[in-house]
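Topology and contacts: notes
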Amino acid sequence: MIDAIPTDLWIGGKQVPSSSGARFPVHNPANGAVLTTVADATSADGTTALDEAVAVQQTWAATAPRERAEILRRAWELVIARRDDFALAMTLEMGKPLAESQGEVAYGGEFLRWFSEEAVRVNGRYTSSPTGAGRILVAKQPIGPTLAITPWNFPLAMGTRKIGPALAAGCTMIVKPAAETPLTMLLLGQVFADAGLPAGVLSILPTTSASALTGPLIDDARLRKLTFTGSTAVGKVLLSQCATRVLRSSMELGGNAPFVVFDDADVSAAVDGAMAAKMRNIGEACTAANRFHVDNAVRAEFTEKLTARMSALTIGPGDHSGVQVGPLITAKQRASVDELVQDAVSKGAVITTGGAIADGEGYFYPPTVLTDVPTDARILREEVFGPVAAITGFDGEEAGIAAANDTEYGLAAYVYTTNLDRALRVSEAVESGMVGVNRGVISDVAAPFGGIKESGIGREAGSEGIEEYLETKYIALP
């Protein structure tokens, strides 16, 4: 199947080699084996892609919204038709179990269907001035050529969540996928060509030299928008680059999601939610629950039940039958996770399951539960991005809210309580762009996705998502 995926750059609606001729390997994290090699884009390739995007921008913006919608709809249908190919590609290059990859195909594909429907619903307004001296016409127009930088953890969905609204709005786009997982996005480029997307509207540029590729693009006056999903540290660097041109940007950055369990919660339901919020994507998700703040009245019960569930999970290569936990993306990522665990233990945390790297090939880390985690442990401050649940106790509602908000991040939060008044109070008090109440999975194509504080700027998905790719123009009429 890998042999059927494009492995050159995707520019002008077709495969082209890197201008340097260089290629780089894509590894299977389950065993370190090389799956294939792909073309390594240079700054010259970025300029070529931007030339193509600029050349067709006006034509694409003038394309009837219904026609843009139909192309997105056909792309969605083709993604679903090739579900097995996309799922296997993601599992092999990223590590997640096949069942989760299948789920991502369904979720990621939905962004194309959703924004095919939003393409025909871009509205302005026409009103009279309150003074009666004239009329106000407000129009929405595509912002123009866009650069999207996507991460490795959701190779399809993080791309479609940006490509869908951009194309629906009438913008051309260049995508730089993560070097760890370029195959899924290159396959999507082929799907869009098969769906009838005009050449030049979408380019895909894998590279091992991200800054060398993206820096000149960001500095180019023809680029009108940057959208990025990744770490807060990298996001800050990109924002500083954008500032020199006042380049419009949207940032979906890191998280340190609190999972707050109050004394009146259904503990069994909370554990179910914790498993979903923690172990989705092997814990390698910005929305993954990171800090489990549990009222001391129910902490022992919660810890015991969560430990039992985590220790029962099956670990192995994602393409093997029955596997629930695949490998982490790289040896470096696994070492980072283990470093946070050992730091917490050295400061007094207690391991109830997992907590040690096993011998053997692949970048596997066991599902791990820590309890009695001290407040100075790094794992309470840093995004773990792995299958580790760190549990701390609190007493009373105010203390639970304070613990949840004790972070510079504000992407996702989870609250478990059977009291509706408390659910609303806490949801309003928690400093987070998204809050799940008695739910462990909150992502929805129809809902705005994004954070506050150092977790980002802007929103993706929902009816709000297309606004990130539109300019608002006021036309004053007599």
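Residues numbered from 1 in each chain as written. Predicted model: local features only at pLDDT ≥ 70, side-chain atom pairs only at ≥ 80, totals over all residues. Heavy atoms only, no water.

1. Thoughts on helix H7 (residues 210-219)
Looking at H7, one finds that the buried residues are Leu213, Thr214, Gly215, Leu217 and Ile218. If you follow the buried residues of H7, they end up packed against helix H1 (43-62), strand S7 (146-149), strand S8 (173-176), strand S10 (225-229) and helix H8 (232-243). (Buried < 20%, exposed > 50% of the residue type's maximum accessible area, 1.4 Å probe, protein only. Helix = DSSP H or I, 4+ residues; strand = E, 2+ residues; numbered from the N terminus. Contact = heavy atoms within 4.5 Å.)

2. Section: the side chain of arginine 299
Positionally, arginine 299 belongs in helix H10 (residues 299-311). For arginine 299, the side chain forms a polar contact with the side chain of threonine 371, separated by 3.3 Å. There is a polar contact of 3.0 Å between the side chain of arginine 299 and the side chain of aspartate 372. Beyond its immediate stretch of four places on either side in the chain, arginine 299 contacts Val294, Thr371, Asp372, Ile391, Thr392 and Gly393. (Polar contact = N/O pair within 3.5 Å; in protein donor to acceptor, adjacent residues only side chain to side chain.)

3. Here's the deal with the pattern of salt bridges
Following the criterion strictly, the structure yields 26 salt bridges and no others. A salt bridge links aspartate 51 to arginine 222; the nearest nitrogen and oxygen atoms lie 2.7 Å apart. With aspartate 51 in helix H1 and arginine 222 in the loop between H7 and S10, this residue pair connects regions lying 171 residues apart in the sequence. Ionic pairing is found between aspartate 272 and arginine 309, a salt bridge with its closest N-O pair at 2.7 Å. With aspartate 272 in helix H9 (residues 267-279) and arginine 309 in helix H10, the pair connects residues that are 37 residues apart, well separated along the chain. According to the relative accessible area criterion, aspartate 272 is partly exposed, its value standing at 44%. We classify arginine 309 as partly exposed; its relative accessible area is 37%. What emerges from the salt-bridge pattern is a single network uniting Asp263, Asp264, Glu397, Arg422 and Arg425. (Salt bridge = Lys/Arg side-chain N within 4 Å of Asp/Glu carboxyl O.)

4. Considering the sheet that holds strand S18 (residues 434-437)
Adjacent strands of a sheet pair through backbone hydrogen bonds, lying either parallel or antiparallel. The mixed open sheet is built from 7 strands, whose spatial order is S14-S15-S16-S13-S12-S17-S18. Edge strands, defined here as strands with exactly one partner in the open sheet, are strand S14 (350-353) and S18. Averaged over all pairs of adjacent strands, the angle between their axes in this sheet comes to 25 degrees, without regard to strand direction. Summarising the sheet, strand S17 (residues 412-416) and S18 pair through 4 bridges and their orientation is parallel. For valine 415, the partnering residue across the bridge sits in S18 and is valine 437. Relative to strand S13 (residues 289-295), helix H12 (residues 397-405) is tilted by about 165 degrees, and along the sheet it contacts strand S12 (257-261), S13 and strand S16 (388-394). (Pairing = 2+ DSSP bridges. Axes fitted to C-alpha atoms, helices over the stretch in contact; angles between N-to-C directions.)

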